Amino acid sequence: MANSSESSLPPGQQLAAPDKWPVVGERSPRASFLPWEICVEGLVQSPRRWPLADLMRLPVHDRAIDIHCVTRWSKPAVRFRGVRLSDLLGLSQPMPEARFVSFIARSERSHSTSLALADAFALETLVAWEADGEPLAIEHGGPVRVVVPGRYFYKSLKWLERIELLSEDRLGYWEAMAGYHNGADPWHEQRFMAPRLTRQEAAKVLRSRNWTGLDLRSLDARDRDLAGLMAGRCLLRDTDFRGCNLQDAQFGQANLSNARLQLANLQRASFADADLEGANLAGADLRGADFRGASLFGATFVETTPAGTRAANMDSATHIDRSALDALTPDQAAFLARWLGGPPG
Ligand SMILES: Nc1nc2c(c(=O)[nH]1)N[C@H]1C(S)=C(S)[C@@H](COP(=O)(O)O)O[C@H]1N2
Ligand SMILES: [Mo]
């Protein structure tokens, strides 16, 4: 029988020994003679710098937080003390177009991580300087670190020095370099870019532009630069390629059903004989792209979002079989038919 603390662990996690708190990643901040300040910048009305003493005069919160490391250890109910990110940012007045927050460390590699601003607030992210009644140890991010409850601990940046508000996401260090999942939800085991992918496989997917024949279903590759990708015969069902640079990518015979390709740069990409059933290409740049023999059942090329209408961009070098239009909804078919007849005007 699982006891209550075990049953409250996310899938695939184990409790660390009660007196143990492993150090993961960098072990110390970048050496500097400058006093420690946290600077809030980017899309805010009033950028600010916070010397630590001023930071600690904001309303203080004490909160027990369960740590879940992506390397499968968990440490329940660590009491962190700090200020709420929302209180800190409130004093800088985020602009309406600020949708993401990037945390940047005072570290040799300027380590960073990011979150959707709405998630960061909903999770009650803390900027903390104490754990279990003691000042944060240097190796655990002292003097001040981010603590994001409800996300794998790689979202909890050590040695916080800069908070930047952004309109578009900017992948953090582990997310970009090691293929860690940008969602990082431990209850859904969002460990690596694709479920079932090991850390080694994720690293390989990031290093190599040759994915020929791989099974990468549900891969989260959002906003990555993957120009020239070779993904022939690849299983890419349900992948997220939104915002990617996929110029000249080869997807011949790949399975891209339900793939999200909104706003991707797909200039000269080849989808010959690929399965694009239910795929979304709204707002993608399809100039020179080749869809010969591709299955487009239920595919989307134009859609209306709260941000406005997003239409795929095509030119005379875009190749789509006229017969493929029969597999589309009438409005999608009408949109494509206008382009295939030659761009208007
Ligand atoms: N600056 C910085 N912050 C970081 C890291 C890092 O390497 N550098 N590693 C992350 C990872 S992967 C984890 S699991 C936690 C580890 O925090 P800990 O060493 O206090 O356990 O810090 C996160 N924050
Ligand atoms: Mo981690």
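The notes below deal with the structure included here. (Residues numbered from 1 in each chain as written. Chains lettered and ligands numbered in written order. Predicted model: local features only at pLDDT ≥ 70, side-chain atom pairs only at ≥ 80, totals over all residues. Heavy atoms only, no water.)

In this section: the side chain of D169. Among the structural elements, D169 can be located in the loop between β11 (160–166) and α5 (173–177). For D169, the side chain forms a polar contact with the side chain of S114, separated by 2.7 Å. A distance of 2.8 Å separates a polar atom in the side chain of D169 from a polar atom in the side chain of N182. Contacts of D169, omitting those with residues within four sequence positions, involve F100, S114, N182 and D223. (Helix = DSSP H or I, 4+ residues; strand = E, 2+ residues; numbered from the N terminus. Polar contact = N/O pair within 3.5 Å; in protein donor to acceptor, adjacent residues only side chain to side chain. Contact = heavy atoms within 4.5 Å.)

What follows deals with the nonpolar core. Of all hydrophobic cores here, the largest spans 57 residues; its most connected members are F241, F251, L266 and F301. Looking at this core, the elements with two or more residues in it are α6 (199–207) and α7 (330–340). Here this core gets three residues from one element, more than from any other, and that element is α7. If we ignore the near neighbours within four places in the chain, the residues touching L266 are L246, F251, L261, F271, L281, A284, D285, L286, R287 and A289. Listed in part, the 30 residues of the second largest apolar core include A105, W129, V144 and W159. (Core = buried A, V, L, I, M, F, W, Y, C linked by side-chain atoms within 4.5 Å. Buried < 20%, exposed > 50% of the residue type's maximum accessible area, 1.4 Å probe, protein only.)

Looking now at the packing of aromatic side chains. Two measures describe an aromatic ring pair: the distance that separates the ring centres and the angle between the ring planes. Within this structure, the stated rule accounts for 10 aromatic pairs. Look at F251 and F271: their rings are 5.1 Å apart centre to centre, the planes differ by 10 degrees, and that puts the pair in the stacked class. With a gap of 20 residues between them, F251 in the loop between α6 and β12 (302–305) and F271 in the loop between α6 and β12 connect regions that are remote in the sequence. With respect to class, F251 is no different from F271; both count as buried. Pairing F271 with F291 gives two aromatic rings, centres 4.8 Å apart and planes at 10 degrees, and the pair type is stacked. Here the residue F271 occupies a position in the loop between α6 and β12, and F291 occupies one in the loop between α6 and β12, the gap between them amounting to 20 residues. According to the relative accessible area criterion, F271 is buried, its value standing at 0%. In this structure an aromatic cluster arises from ring pairing among Y152, Y154, Y173, W174, Y180 and F192. If you follow R106 out to its NZ or CZ, it ends over the ring of W36, 4.4 Å from the centre. Over the aromatic face of W174 sits the side chain of R109, whose NZ or CZ is 5.1 Å from the ring centroid. (Phe/Tyr/Trp six-rings, centres within 6.5 Å; stacked < 30°, edge-to-face > 60°. Lys NZ or Arg CZ within 6 Å of the ring centre and 35° of its normal.)

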